[in-house]
Amino acid sequence: MAQNEMLAMILAGGRGSRLKDLTTKVAKPAVYYGGKYRIIDFPLSNCANSGIDVVGVLTQYESVLLNSYVAQDGRWGLDSKDSGVYVLTPREKADEGLDVYRGTADAISQNIDFIDAYNPEYLLILSGDHIYKMNYSKMLAYHKEHNADATIAVRGVPMKEASRFGIMNTDHKGRIIEFEEKPAKPKSNLASMGIYIFDWKLLRKMLVDDMKNPNSDHDFGKDIIPRMLNEKKDLFAYEFSGYWKDVGTIDSLWEANMDLLDPKNELNLNDSSWLIYTEDVSTLPQYIGKDAKVKRAYITQGVQIEGSVTNSVLFTGAVVGAGAKVVDSVIMPGAVIEEGATVTRALVAENVKIGKKAKVGQKNSENIVLVASNVKGGNK
Amino acid sequence: MAQNEMLAMILAGGRGSRLKDLTTKVAKPAVYYGGKYRIIDFPLSNCANSGIDVVGVLTQYESVLLNSYVAQDGRWGLDSKDSGVYVLTPREKADEGLDVYRGTADAISQNIDFIDAYNPEYLLILSGDHIYKMNYSKMLAYHKEHNADATIAVRGVPMKEASRFGIMNTDHKGRIIEFEEKPAKPKSNLASMGIYIFDWKLLRKMLVDDMKNPNSDHDFGKDIIPRMLNEKKDLFAYEFSGYWKDVGTIDSLWEANMDLLDPKNELNLNDSSWLIYTEDVSTLPQYIGKDAKVKRAYITQGVQIEGSVTNSVLFTGAVVGAGAKVVDSVIMPGAVIEEGATVTRALVAENVKIGKKAKVGQKNSENIVLVASNVKGGNK
Amino acid sequence: MATALGIVSSADNTIHVDGLQDYRPIGAFSFLGRFRVIDFPISNMSNSDINRIQVYLNSRPRSIAEHVGSGRHYNINSKRGKIQLLFTENTSSRSIYNNDILAYKENLDYIQRAHQEYVIITPSYMVYKQDFRQLLDTHIQTGAEVTVLYHKIDNARDYFKNCHTLSLNKQKGVQAIEKNLGTANNKNILMDTYCLKKDLFVELVNDASFMSSIYTFADILNLMCKQLDVRAFQHKGYFASLTSLQDYYHASMELLDYNTASEMFKSDWPIYTRTTDSCPTQYFESAKVNNSFISNGCLIEGTVENSIIGRGVTIKKGAVVKNSIIMAYAEIEAGIRIENAIVDKWAKILHAKTIIGTENEPQYIKRQDTL
Amino acid sequence: MATALGIVSSADNTIHVDGLQDYRPIGAFSFLGRFRVIDFPISNMSNSDINRIQVYLNSRPRSIAEHVGSGRHYNINSKRGKIQLLFTENTSSRSIYNNDILAYKENLDYIQRAHQEYVIITPSYMVYKQDFRQLLDTHIQTGAEVTVLYHKIDNARDYFKNCHTLSLNKQKGVQAIEKNLGTANNKNILMDTYCLKKDLFVELVNDASFMSSIYTFADILNLMCKQLDVRAFQHKGYFASLTSLQDYYHASMELLDYNTASEMFKSDWPIYTRTTDSCPTQYFESAKVNNSFISNGCLIEGTVENSIIGRGVTIKKGAVVKNSIIMAYAEIEAGIRIENAIVDKWAKILHAKTIIGTENEPQYIKRQDTL
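Residues numbered from 1 in each chain as written. Chains lettered and ligands numbered in written order. Predicted model: local features only at pLDDT ≥ 70, side-chain atom pairs only at ≥ 80, totals over all residues. Heavy atoms only, no water.

1. Some thoughts on the overall build of chain A
Filter applied, for reference: Secondary structure follows DSSP: runs of H or I at least 4 residues long count as helices, runs of E at least 2 residues long count as strands, and numbering of each begins at the N terminus. The size measure is the radius of gyration over C-alpha atoms, and the globule rule it meets is 2.2 Å times the number of residues to the 0.38 power. Burial classes: relative accessible area under 20% of the type maximum marks a residue as buried, over 50% as exposed, and values in between as partly exposed (1.4 Å probe, protein chains only). Note on areas: these come from Shrake-Rupley sampling with a 1.4 Å probe, and a residue is covered only by the protein chains present in the view. Charge counting treats Lys and Arg as positive and Asp and Glu as negative, with His and both chain ends excluded. Charge placement uses NZ in Lys and CZ in Arg. For Asp and Glu, CG and CD serve respectively.
Helices and strands together make up the secondary structure of chain A, namely eight helices and 26 strands. Here the C-alpha radius of gyration of chain A, 22 Å, is about what a compact globule of 380 residues would show, namely 21 Å. C-alpha extents for chain A along the principal axes are approximately 70 × 50 × 45 Å. Taking all 380 residues of chain A together, the buried fraction comes to 63%. Looking at chain A as shown, the accessible area adds up to about 14,700 Å², and 46% of this sits on carbon and sulfur atoms. Positive and negative side-chain charges in chain A, numbering 46 and 49 respectively, have mean positions lying 7 Å apart.

Written as structure tokens, this is what we have:
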């Protein structure tokens, strides 16, 4: 795509409270996933691979780590002359005197001057906490082809679950005729993915109006999209059919990691034509010890395994001591499972130490255990 | 210097109201200087050339432009694996509910977590709006040599002006025994340059204490330094003798530009062993037209001159039309002096157009005229 | 959306630019003061959304390797995109076998491994502006098997001597490709720029190397243009082939017309280059400069007329430079007169009183020479 | 504060590693799966605060040029610092004249133009960890004119055959530098690492090229060590010279001892490399892996023992890999048995049932070969 034809804005604000202790220090988009990645690597890599040069990341709360993580734009190749990843924190004061964005639309409105500086024709709006691979330039081609005012990416969900989503009802050409937020009786199964392409000039006008509207929640789903439909704008649905996962809970984060163990997993991170880029770390390769047993596992560089690992995902610098057993678990960076310890159906957070012979998690637990602080040895 | 031995923090908050309309849209450190630079290029290039890898830039107010300017860390070579320039905006709410830093020390205090992430031994604190070339690694060597708790860079000022500055009184070894803010009867002529090196562990402790002190202004000059002296810490003065200029007013900004016209100017931007880095623009080289007259001028790429230029500094993309005269002036990027216009003792702001045959400024004016909006042609 | 692998080719050994080329390949020549010739083909590619680029180097690779580097200054995404430098290994740089086909043949792996369906080949020794998306679209629309870029000129007797000319039929089909023998002034000059499917390109490279080890890509195309649908696409605007010292000098002087130059440098088609971080140029009291392009970092006390001055050049009081190209970091001492000359990088003109060439035979002063 | 220009030298033509070196210089060899040999000398320099580095390339420069790139992954400031690639031009890569002195001689400008007072020269074909600040400090303190790095070994009869040995006096003065003839097991191996003033270095290069056009830097030093104060500085810790296939294999296998390896890779002395952005490695149900280093991006269904596996390698069900080095993107089909072998990049072992070498003579499988 031509330089700055389309700018991307990633809404990365959410604290992700359902991810519990994983997000006390980091914003949800900075949470680890898949052995070496952070969630936000996915939208950022998608942007880079789609030929988008400039990305704004809209953050709030205490997100020093997220901010300095995304500021290293070279990680996604977005460091050429006129490219960049820019962290955009809230600047206006909301009604309650808090320095936060009041809604998804407000987050964009507060950064109109930033966007104007690049004078893009189109604006792509993304969410920072979904796992998927998507070529936004194809979505833009669809947008142009339909002469749309806005295009919204949708995916088919099982009909019985449709009432949990924002559902787009379209005509046979893909034109959106109705949008229903969590409808009791859904008329279609096309759920919004929170990915929008707008004609920037039009959106800019609507945002300026919306800012002045005291009754608005300043939200794309609640305000902007309904108003566009009201005004008979041309909104089109772009159907996406690949792997997509919202990792909003500990269970779904665990599940998304487990998906990678499937030899036929749809996400296929090994595809060299659409790589996901992330932080580069200096470590040894992974070392599998003399008496180690490793099967059905997804393991990255810097991991050292002396014990047994089954059906698990291990992140950079994780250590599994001799005689330790890791089953059906996710072991985040730098976590150490000491000798003889057992970890089952658990998600062990960054740098946590599971002491010698300690036991964590249960084989048939309903939920996945999040282990966010050190566990003492089981033998004292 | 070893990776992350010393981190630099640049205080770039000031709106610079004495620079009038030049700073309505940009923060003072983003103001242009010297034909192709912005003021903040100086501390950032000094950091890069001194071997400092990580720089935090502390900004506030509406500084989108400054923020995205410094975020392009490749401009100063600070884009290698573990290097970076990070924009740090205020995160805590000050007493009055404003999202600003309450004082220079508060700006650092609010970013303790950022600094801790790099675990530096020393912290360098700089101001973002001075023009000078300085090797901070030599200052660090001096700091180590004296086993100092803090080292403050000072420069000699004429004794009669000393009462306008913060003055350091030192013993014969350079140890600071007293600090006086604008003393009526100065005992020395060593003025603080607002450049500090601290032992980070010690400073961190003092900042945490200072944050709890309700009577503190949270300022280095007013609170931290006096308290360190009170507590008999080892503070040393590091004397700097090169070119140094505070460009806080239109007159001093103009003057600093004029200094460059001196064939023996002390700043010497042509020295290949200490380059000042800045934004890279794609333009033609400067073109001097068939009937142009150029003498005593400092001119950068992308400038087109058809008229006459004397004793002036011209920035990227400035145009001087046929028959136009530019004398004793500073013409900022993209400004156009149309045919037959005359500009004298003026500072013409970015993209401003001086219409045909218009006259701006006077030969013997007391102050320099700032021309911040278009001037109509003089012939209508 | 069709995508193309970009290939920047190197001049083969039938071409030699006196003097200048002893120190670097043509792609590394300084052009208009602050650019290098290779900035033009790479900027064309970058501006045309081509971000997977191979640069072939058959001799003296240092200067281009250093200048091109990671390609970030050309706005190439450093992860998704890539500028790859490819070298010729198995023959010396002076060998007659060291031509474009050998270079492609030795690096065929890297061509075949690319994901792109098409290749666009552009020379590192010509300067022009071209949107390759337009070339590729036309190529696909017409159904041609090979599309080549050409430029109509009216001075083929005196210039473009090292270039090929095209014979075209009414449908712009290419009938023959021959060396410009200077037999007439009006010619269609082949711009050594080709657009074709990658698979066909690989096939042609293999065919050429099978037929003769000194065949070039132009040779095989000439041979095959009877069998293949080879079409020509006309380029308009500024065009320069820098394949002789005269052509180089002439092309540079043409750009002293500010309108021609600014036509070539529009903001919607930036020409990128590597910055050297030099400061602005300082003009002293005694400076007298007219109709010249001056790069940054110069110290000018003397007189400069109708000239192109590179970065960091010093021109002392009383020195006169006319109709000349002075390359980076050269020093012209007080009182020296230079006309119709090309002074190479780092040269010091200290003692020679006058250096005077003619419009058709510019005087060349060697790199780092002290005269 | 003394500063040094870093020089990474290339192996000359007396050294040839069978097989591997047909495709790339030793500096580009894969090492321990995810590194290349040249990562070690460059990381040593970067960690020692040397950020102006010259890398000399005398043959097949592509892989190193691509791997080193702008040097940002080595933490070199991209403005103030610089990794410069310098090429040998005037002779073929196979010529006996193509040695280190010729390379320095041809690029003497770039050495002399550097601002640094000292040079530190380190080879691109040896692996070790060394703080060069310590070497430089010692050099200055002792007042030596040249300081060389050496390593005491006890297996000189079998290994380090292409290296030089040092004879030292009691004061660690160098008495002679000779080829290792394998006459005894205990030897001081010259690590081809030198610290000296830049001016003296330039003088020695000029002397060497004046005396004989096949003299190497070690040769001239041997000759001059009677006149100059040449001292040796002992290196301790892991040291490998990769100047023969046996030495390469042996050195790799030594690192399978996790303690040795982790001693070499401490967090206060990172070894940087270029990331390939490959995803983690996937172990399947049938995988059985022991005492091995595995890089990212592999798909492992088979058995791997005492081996080093490069990036993106596929090892199918029932395949057995023992005591071997498998380089990036190789594929080992189901049921195949590989022992004591080195399988080069992109090789496909599809049909050969067994590939078995010995500890002293590892079997080598060529790049991109299909067996």
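2. Re the interface of chain A and chain D
Rules: Pairs of residues are marked as contacts when any of their non-hydrogen atoms sit within 4.5 Å. A quick way to say it: buried area is the sum, across both parts, of accessible area lost when two parts are put together, with a 1.4 Å probe. For this document, the term salt bridge refers to a Lys or Arg side-chain nitrogen within 4 Å of an Asp or Glu carboxyl oxygen.
Contacts between the two partners involve 37 residues from chain A, matched on the other side by 35 residues from chain D. It is L284, P285 and Y287 of chain A that lose the most area in chain A upon contact with chain D, and together they represent 21% of the buried surface on that side. The interface formed by chain A and chain D contains one salt bridge. Among the salt bridges present, the one from D79 of chain A reaches R72 of chain D, with a minimum N-O distance of 2.5 Å.

3. A closer look at the side chain of N4 of chain A
Residues and elements named next belong to chain A. Relative to the assigned elements, N4 resides in the segment before β1 (6–11). Assessed through its relative accessible area of 16%, N4 is described here as buried. Those residues in contact with N4 that lie beyond four places of it in its chain are D53, V54, Y118, N119, P120 and E121.

4. A word on the interface of chain C and chain D
How we decide: The term polar contact refers here to a pair of N or O atoms within 3.5 Å; inside protein, the definition further demands a hydrogen-donor-capable atom paired with an acceptor-capable atom, and it admits residues adjacent in sequence only when both atoms are side-chain atoms. Amino acids outside the nonpolar list (Ala, Val, Leu, Ile, Met, Phe, Trp, Tyr, Cys, Pro) and the charged list (Asp, Glu, Lys, Arg) are all regarded as polar, and Gly is one of them.
Contact residues are listed per partner, giving 26 residues for chain C and 26 residues for chain D. Where chain C touches chain D, the interface holds six salt bridges. A salt bridge links K79 of chain C to D277 of chain D; its shortest N-O distance comes to 3.1 Å. Run the count over chain C and chain D and you get 12 residue pairs in polar contact (both at pLDDT 80 or more). Among the elements of the structure, α2 (62–68), β5 (82–87) and α4 (108–112) of chain C are those that each provide at least two residues to the side of chain C that touches chain D. No other element matches the five residues that β5 of chain C contributes to the side of chain C that touches chain D. Class assignment of the residues belonging to the side of chain C that touches chain D gives a composition of seven nonpolar, seven polar and 12 charged.

5. Brief notes about a positive patch on the surface
Using the following cut-off: Residues with no salt bridge and a relative accessible area higher than 30% make up the patches, which join like charges within 9 Å and nonpolar side chains (Val, Leu, Ile, Met, Phe, Trp, Tyr) within 5 Å.
Taken together, the side chains of K293, K295, K325 and K359 of chain A together with K288 of chain D make up a positively charged region of the molecular surface. Positionally, K288 of chain D belongs in strand β15 (residues 288–290).

6. Some words on the sheet that holds strand β21 (residues 320–322) of chain C
All names here are of chain C. Where we set the bar: Whether two strands pair depends on DSSP finding at least two bridges between them. Comment: axis = line fitted to C-alpha atoms, over the contacting stretch for helices; angle = value between 0 and 180 degrees taken between N-to-C directions.
Read from one edge to the other, the open sheet built from five strands follows the order β15-β18-β21-β24-β27, with strand pairing classed as parallel. Because the sheet does not close on itself, it has two edges, and the strands there are β15 (288–290) and β27 (354–356). The sheet shows a mean angle of 5° between the axes of neighbouring strands, direction not considered. Here β21 pairs with strand β24 (residues 337–339) via three bridges, running parallel. Each bridged residue has a counterpart across the sheet, and for V320 the counterpart in β24 is R337.

7. Let's talk about the pairing of strand β9 (residues 164–168) of chain C
All names here are of chain C. The pairing of β9 with strand β10 (residues 174–179) spans five bridges and is classified as antiparallel. Across the sheet, H164 pairs through a bridge with K179, a residue of β10. Count of turn residues in the β9/β10 antiparallel hairpin: five residues, of which K172 carries a positive phi of about 65°.

8. A closer look at helix α8 (residues 250–259) of chain B
With respect to burial, α8 of chain B is a largely interior element, seven of its 10 residues being buried. Where α8 of chain B is buried, its residues meet β2 (32–33), β13 (244–246), β17 (308–314), β20 (330–331), β23 (346–348) and β26 (369–371) of chain B.

9. As for helix α8 (residues 245–254) of chain C
In terms of burial, α8 of chain C is a largely internal element, seven of the 10 residues being buried. In this fold, the buried residues of α8 of chain C make contact with β2 (30–31), β13 (239–241), β19 (308–309), β22 (325–326), β25 (341–343) and β28 (363–365) of chain C.

10. Considerations on the relation of the copies chain C and chain D
Formally: Least squares is the method used to superpose the copies, on C-alpha atoms of residues holding a pLDDT of at least 70 in both.
Mapping chain C onto chain D leaves a residual RMSD of 0.0 Å; the transformation is a rotation of 180° accompanied by 0.0 Å of translation along its axis. On this basis, the relationship between the two copies can be described by a two-fold rotation axis. An overlap of 100% is found between the interface residues of chain C and their copies at the interface of chain D, pointing to a shared contact surface.

11. Points about the packing of aromatic side chains
Each aromatic ring pair is characterised by the separation of its centres together with the angle its planes make. For the record, the criterion: For this analysis, a ring pair means two rings from Phe, Tyr or Trp (six-membered ring only for Trp) whose centres lie within 6.5 Å, classed as stacked if their planes differ by under 30 degrees, edge-to-face if by over 60, and tilted for the remaining angles. Charge-over-ring placement is defined geometrically: NZ (Lys) or CZ (Arg) within 6 Å of the ring centre, and within 35 degrees of the ring normal.
The tally for this structure, following the rule as stated, stands at 58 aromatic pairs over all chains. On the numbers, 5.7 Å between centres and 25° between planes, the contact of Y196 of chain B with F198 of chain B is stacked. The same class applies to Y196 of chain B and to F198 of chain B, which are both buried. Ring centres 6.0 Å apart and planes at 80° place the aromatic pair F40 of chain D and F265 of chain D in the edge-to-face group. With F40 of chain D in helix α1 (residues 39–47) and F265 of chain D in the loop between α9 (258–264) and β14 (281–283), this pair connects stretches of sequence that are 225 residues apart. You'll find F40 of chain D and F265 of chain D in the same group, each marked buried. By way of ring pairs, the aromatic residues F29, F31, F35, F40, Y248 and F265 of chain C are connected into one cluster. The ring of W254 of chain A carries R345 of chain A above its face, with NZ or CZ at 5.2 Å from the centroid.

12. As for the side chain of D223 of chain B
Residue and element names in this part refer to chain B. Considering the arrangement of structural elements, one finds D223 in helix α7 (residues 220–230). Of the side chains with opposite charge, K222 lies nearest to the buried D223, which makes no salt bridge, at 6.7 Å. Of note is the side chain of D223, whose polar atom sits 3.2 Å from the backbone nitrogen of D217. Apart from the residues lying within four places of it in its own chain, the contact partners of D223 are D210, S216, D217 and H218.

13. Comments concerning a nonpolar patch on the surface
Residues and elements named next belong to chain C. A surface patch of nonpolar side chains, about 320 Å² in accessible area, is lined by I96, Y97 and I214. Tracing the sequence through the fold places Y97 in the loop between β5 and α3 (100–106). Overall, Y97 belongs to the partly exposed group, its relative accessible area being 43%.

14. Section: the packing of helix α6 (residues 200–212) of chain A against helix α7 (residues 220–230) of chain A
Residues and elements named next belong to chain A. To keep it simple, the criterion reads: Every angle not falling under 35 degrees, over 145, or within 65 to 115 is termed oblique; those three ranges are roughly parallel, roughly antiparallel and roughly perpendicular. Left-handed describes a crossing whose near helix is turned anticlockwise from the far helix by less than a right angle; the clockwise case is right-handed.
Where α6 meets α7, the axes come as close as 11 Å, and the angle between the chain directions of the two elements is 120°. The angle between α6 and α7 places the two elements in the oblique class. In the crossing of α6 with α7, the sense of the turn from one axis to the other is right-handed. Across the interface between the two elements, L202, L203, M206, L207, D209 and D210 from α6 touch F220, D223, I224, R227 and M228 from α7. The class makeup of the residues in the contact of α6 with α7 is seven nonpolar, no polar and four charged.

15. Regarding the pairing of strand β8 (residues 150–156) of chain A
Residues and elements named next belong to chain A. Taken across its seven residues, β8 has six buried, putting it largely inside the fold. Bridge analysis of β8 against strand β11 (residues 190–199) gives six bridges, and the strand direction is antiparallel. If you follow V154 over to β11, its bridge partner there is S192. Both β8 and strand β12 (residues 235–239) contribute to a ladder of five bridges, which runs parallel. In the strand pairing of β12, A150 is matched with L235.

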